[in-house]
Amino acid sequence: MKNSKRTYKKNFKDNSKFKDKTHKKSVSRKETIEVKCIGMDEEGKGVIIHRNQRVSIPNLLEGETALVELLKKGDNLTGRLIQIKKTSSSRVKAKCPHYGECGGCQLQHMSYKGQSEFKQKFVQELMKPYGKVDPIITMEKPYDYRNKIHSTYAYGKKGEIISGIYEENTHRVIPIQRCIIQDPKADEINNSIRELMKSFKLNPYDEVRRQGFLRHVLIKTGFATKEVMVVLVTGSFVFPSKNNFIKALLKKHPEITTIVVNVNDKKTSMVLGEKEKVLYGKGTISDILCGCTFNISPKSFYQINPIQTHKLYSKAIEMADFKSDEIVLDAYSGIGTIGLILSKNVKSVIGVELNKDAVKDAIKNAKINNIKNARFYEGDAGEFMVKMAHQGEKLDTVMMDPPRSGSDEKFLSSVVKLSPKKVIYISCNPVTQARDLKYLTKHGYRVEGIQPVDMFPHTYHVENIVRLSKQ
Ligand code: SAH
């Protein structure tokens, strides 16, 4: 237990950055009380019970005793940590100076071991009705993992050019030069771009006046190939001193393999605009994942933690235990990663995905890898399955990886109709996954394996693979 006075003070200081906007507005009732944290909610906030009401307190850990300020607005009770009285053994000082301000990581006040235990317990709780949960697959070095970085440009308080990310729920840019979960190379390149802007007298874009030059910088890196793509998102195609700027950037960073300018002149919270022009290189990068090569464009979706994605896909394929004569559906297939990687183990793969561009990428990726037994279709996975069920198609395994909202009854009822022997359900939101498992287990499927994977260390997110079999 770390509970020296020094630690309390530090924790208190750390916590002061956790801005709770609700506290700024007028409130009907405020009280400060000492509480014991009895558990954690799904976002990694500490749970306390006050007069039979459950309240989530940011930055509080299970087992800790603390002073918290409670605010009652109508029936709604919220709380803010004031001072820790008894510290959890999982508490550590956050490594990042922006912690609590940027909102990107929520669990940096917890040791990595503590984070893993929290995620394991969370999945176990949700999966209680379905069976035993295997120990979470963690990351050896849980830093520097993001292969995609996004930085917004603006003017700082002193009129200097800053780049970073929006403060949670606001449009104020927090200047960030180093983010400990991002690829350090990408951070260095972004810092050079900011420096070069000064020498080339380029302005950041002003969202309100809708004028200026650089809006965002997006950098994607190929983990296995070391290829680097820089996307400069600008307010217009007018790029003063373009050639010299590109030359200077490449001189500083010869590792950059392609530079793209993307024009976004709309009043929007979307990062990328419609129009694009390649300024240097091919306009895309590639990466190798589980033996397959994937082409990555500025807009295409690609898993952001390559080390853990390798473990996730390998585990899912191992759990599927494919036979060479199987027909597999890769539902919610994105750019085809899972389907293409598993294609060598089976007879054929049918992929379905809603996003048109992702489907195009999947078809391209099949060609690059010379894979002939995988087909990809654009459409809603549920509707596609209903059609398949109508036509009485045969499926041996359904591999599904839906978005956070989970699947829907259309899809799940068609799975039941088509009756594949196995369903491998990969999810980035075990809450909706548990809901969908309820349906499948009510309709003839049995859960045979549950495997959480930590894809996003320091955040509350957890990925989970479940194997179901037809009874
Ligand atoms: N399996 C991929 C992508 C998973 S992300 C990978 O691992 O890379 C979830 C995907 O589901 C996204 O590509 C999203 O575009 C797609 N999607 C969302 N709703 C969908 C729907 N109703 N039907 C089909 N695909 C959908």
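Note that the structure is a prediction, hence the values are computed from the model and not measured.

A. Structural context of the overall build of the chain. For the chain, the count of helices and strands is 10 helices and 22 strands. In terms of overall size, the chain behaves like a compact globule, its C-alpha atoms giving a radius of gyration of 24 Å where 471 residues would be expected to give roughly 23 Å. Over its C-alpha atoms, taken along the principal directions, the chain stretches across nearly 65 × 65 × 40 Å. Counting over 471 residues, the chain shows a buried share of 55%. Long-range contacts, defined as pairs at least 24 residues apart, comprise 65% of the intrachain contacts of the chain with a sequence gap of at least 6. In the form shown here, the chain has an accessible surface area of approximately 22,300 Å², with 52% of it arising from carbon and sulfur atoms. Looking at charge distribution, the chain has the averaged site of its 80 positive side-chain charges lying 5 Å from that of its 52 negative ones.

B. Quick look at the sheet that holds strand β2 (residues 39-40). Taken together, 3 strands build an open sheet; the order of strands is β2-β3-β4 and the sheet is antiparallel. The open sheet terminates on both sides in strands that have one partner only, identified here as β2 and β4 (53-57). Sheet analysis places β2 next to strand β3 (residues 46-50), joined by 2 bridges and oriented antiparallel. Within β3, the position partnered with methionine 40 by the bridge is glycine 46.

C. Layout of helix α7 (residues 356-368). Between the first and last C-alpha of α7 there are 19 Å, a value that for 13 residues agrees with the 18 Å anticipated at 1.5 Å per step. When α7 is considered as a whole, its buried residues turn out to be Ala358, Val359, Asp361, Ala362, Asn365 and Ala366. Taken around the axis of α7, the buried residues stretch over an arc of 160°, which confines them to a single face. Among the exposed residues of α7, those pointing more than 90 degrees away from its buried face are Lys360 and Lys367. Buried residues along α7 sit in contact with β15 (292-296), α6 (337-342), β17 (348-353) and β18 (374-378). Where α7 starts, the residue carrying a side-chain oxygen 2.9 Å from the main-chain nitrogen of aspartate 357 turns out to be asparagine 355. Asparagine 370 sits one or two residues past α7 and shows a positive phi near 55°.

D. Inspection of the site of the ligand at higher detail. Around the ligand lies a shell of 16 residues, among which Tyr313, Glu353, Asp380, Ala381 and Asp401 are the nearest. Within the side chain of glutamine 303, a nitrogen or oxygen atom sits 3.0 Å from an oxygen atom of the ligand. Within the side chain of glutamate 353, one N or O atom sits 2.6 Å away from an oxygen atom of the ligand. Per-class residue counts for the shell around the ligand are 7 nonpolar, 6 polar and 3 charged.

E. Examining the pattern of salt bridges more closely. Counting across every chain of the model gives 27 salt bridges. We note a salt bridge from lysine 198 to glutamate 195, for which the minimum N-O separation is 3.3 Å. Taken together, the residues span about one helical turn, with lysine 198 and glutamate 195 both in helix α3 (residues 184-199) at a distance of 3 residues. Among the residues examined, glutamate 195 registers a relative accessible area of 38% and is labelled partly exposed. Between aspartate 265 and lysine 275 there is a salt bridge; the shortest N-O distance is 3.7 Å. With aspartate 265 in the loop between β12 (258-263) and β13 (275-280) and lysine 275 in strand β13, the pair connects residues that are 10 residues apart, well separated along the chain. Exposure remark for aspartate 265: the relative accessible area of 32% places this residue in the partly exposed category. Lysine 275 gets classed as partly exposed once you look at its relative accessible area, which sits at 40%.

Rules used throughout
- Residues numbered from 1 in each chain as written.
- Predicted model: local features only at pLDDT ≥ 70, side-chain atom pairs only at ≥ 80, totals over all residues.
- Heavy atoms only, no water.
- Helix = DSSP H or I, 4+ residues; strand = E, 2+ residues; numbered from the N terminus.
- Rg over C-alpha atoms; globule rule 2.2 N^0.38 Å.
- Buried < 20%, exposed > 50% of the residue type's maximum accessible area, 1.4 Å probe, protein only.
- Contact = heavy atoms within 4.5 Å.
- Areas by Shrake-Rupley, 256 points an atom, 1.4 Å probe, with all protein chains shown as cover.
- Lys, Arg positive; Asp, Glu negative; His and termini not counted.
- Charge placed at Lys NZ, Arg CZ, Asp CG, Glu CD.
- Pairing = 2+ DSSP bridges.
- Expected span 1.5 Å × (residues − 1).
- Arc of directions from axis to C-beta.
- Polar contact = N/O pair within 3.5 Å; in protein donor to acceptor, adjacent residues only side chain to side chain.
- Near = heavy atom within 4 Å.
- Nonpolar A, V, L, I, M, F, W, Y, C, P; charged D, E, K, R; others polar.
- Salt bridge = Lys/Arg side-chain N within 4 Å of Asp/Glu carboxyl O.

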